[in-house]
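Residue-level structure breakdown
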Amino acid sequence: MLRNRAEVPAISAELREADLGDERLSRRLGLLADQLAERPGESFPKALDDAQLEAAYRFFGNDRVSPEAILAPHFRQSALRAAEHQRVLVVHDTTQFDFPGHSKRAGLGRLIKPSAQGFFGHFSLALSADGARVPLGLLALETVFRLDKSIGHKNWTAAKSRGERVRWHNCVNDAEALLGGETQAIHVIDREGDSYALLADLATHQRDFVVRSFQDRVLATHDEERLRDVARSARPSLRREVSLAPRPRIPGPKGKRHPSRRSRIAKLSIAALAVELPRTSRVSKAESATLKLNVIHVFEKKAPIGEPAVEWFLLTTLPINTPEAIAFAVDCYRARWVIEEFFKALKTGCQYESRQLESADSLLNALAIFAPVAWRLLALRHLARADAKAPATAALTVEQLSVLRAVSKRPLPVRPTARDAMLAVASLGGHIKSNGDPGWLVLGRGLHDLLLLELGWRAREQAEK
Ligand SMILES: [Mn+2]
């Protein structure tokens, strides 16, 4: 389906170069990736026949197969796509992978819920920095396993702030190394990444960033006033209306930080000013004593009753000299939601957490294959959504459109747009139009059915010849 698109090559083309030190292993990886990419939402036994299945399990469990080797070519291709842009956003974020079930799986660690088993994945996703926000692919991935049983559950928070923090630094460095200094990267990081050490590290290496502030800080200037007070007293230099996506209720401590909300249009006021942060006590004296940055205060004066008001403090190296420049920096941060969509493509679209692989090593190899597949799903939906006039042929082959026309419950226009096609695919997956835009699950299912129907269609054409 995406196979004929120049922008989104077959997944095996990206993985084929993987150097696993063995011709046969590399070839098997290419085949496996194609088979799985065609049926991303299926469990292994359903997506593969018996012989393929055995080969798949052998492959994932093979000692010589490593996630780094599988992913390296995808990272390189992402960097090549990024190189076509003068500047890109690199959104970094962590998600947890939870592998439920009664049996303990070898090598998995603890998660936020004490009884759960799994690990954390930290991803760096490149997007075009223009308004289109085209997903360009992954530039880095690091995993975190909480294996030390001697650390009590509550104390992981402290441990996290030390050892686990290094992932932010590593992934920024990995991404920059791949981009090779040709393309300007703007690193977009949520509240979890806010630490003096990271900000100073980024600034010292002349990296650009927008990091959402997590903690209030005493300022080095402004008579030791606090960051938030100073930012709140600055005069707004622009106002904008933005639509806020709805957020479901999340249980546990995460839900406290991200209270549920309904979708609405928010009137945001935005103020920006230069500040100087003093080095915090836990940071090495080798780091500079203060850090000059810009802070952007984004807030909603009046939220509807019962809805939490928007308030962000964004720390950035980007210029704030004009209202346009400030708006650009805010929009860089607002693009962060794309990585949340990527996580959904991986978890819901590819059903990664439902994979019945028995060890952490096998699960990591599978992640290395599914992460680029999830990027491809994300890119497909993006193409269908980004441009209302984009033709369907930009996302699907002529053959697939014929199949779709033949089976679709929704009649397709003579010249369908990518959006028409996406909705038709979703309806194959059981999507009801009145339910709004299709989610990852129905889209994944619909795509799978379309690919099967296409195979049948081709078989019939062959038979008729
Ligand atoms: Mn996060």
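Everything discussed here concerns the structure shown above.
Residues numbered from 1 in each chain as written. Predicted model: local features only at pLDDT ≥ 70, side-chain atom pairs only at ≥ 80, totals over all residues. Heavy atoms only, no water.

1. Some thoughts on the side chain of His297
With respect to the helices and strands, His297 occurs in strand 9 (residues 290–300). Its relative accessible area of 2% is what places His297 among the buried residues. Here the side chain of His297 touches Glu311 through a polar contact of 2.7 Å, side chain to side chain. Here His297 is in contact with Ala231, Arg232, Ser269, Ile270, Ala271, Glu311, Trp312 and Phe313, once residues within four sequence places are set aside. (Helix = DSSP H or I, 4+ residues; strand = E, 2+ residues; numbered from the N terminus. Buried < 20%, exposed > 50% of the residue type's maximum accessible area, 1.4 Å probe, protein only. Polar contact = N/O pair within 3.5 Å; in protein donor to acceptor, adjacent residues only side chain to side chain. Contact = heavy atoms within 4.5 Å.)

2. So, the packing of aromatic side chains
A complete count under the given rule lists 11 aromatic pairs for this structure. Summarising the aromatic geometry, the rings of Phe119 and Phe145 are spaced 4.8 Å apart at their centres and angled 20 degrees between planes, so their arrangement reads as stacked. With a gap of 26 residues between them, Phe119 in strand 3 (residues 117–128) and Phe145 in the loop between strand 4 (135–144) and helix 6 (156–162) connect regions that are remote in the sequence. Centre to centre, the rings of Tyr352 and Phe370 are 6.4 Å apart; their planes meet at 55 degrees, and the pair counts as tilted. Here Tyr352 is found in the loop between helix 12 (337–349) and helix 13 (360–386), whereas its partner Phe370 is found in helix 13, with 18 residues between them in sequence. Judged by relative accessible area, Tyr352 falls into the buried class, the value being 0%. (Phe/Tyr/Trp six-rings, centres within 6.5 Å; stacked < 30°, edge-to-face > 60°.)

3. A look at the packing of helix 14 (residues 398–407) against helix 15 (residues 418–428)
Remark: helix 14 packs on helix 15, axes separated minimally by 11 Å, with the N-to-C direction vectors making an angle of 60 degrees. By the angle class used here, helix 14 and helix 15 are oblique. The interaxial crossing formed by helix 14 with helix 15 has left-handed handedness. Seen from helix 14, the contacting residues are Leu401, Leu404 and Val407; seen from helix 15, they are Ala421, Ala424, Val425 and Leu428. Split into classes, the residues belonging to the contact of helix 14 with helix 15 amount to 7 nonpolar, no polar and no charged. (Axes fitted to C-alpha atoms, helices over the stretch in contact; angles between N-to-C directions. Parallel < 35°, antiparallel > 145°, perpendicular 65-115°, else oblique. Left-handed = near helix turned anticlockwise from the far one by under 90°. Nonpolar A, V, L, I, M, F, W, Y, C, P; charged D, E, K, R; others polar.)

The values reported here are purely geometric and, on their own, carry no functional implication.
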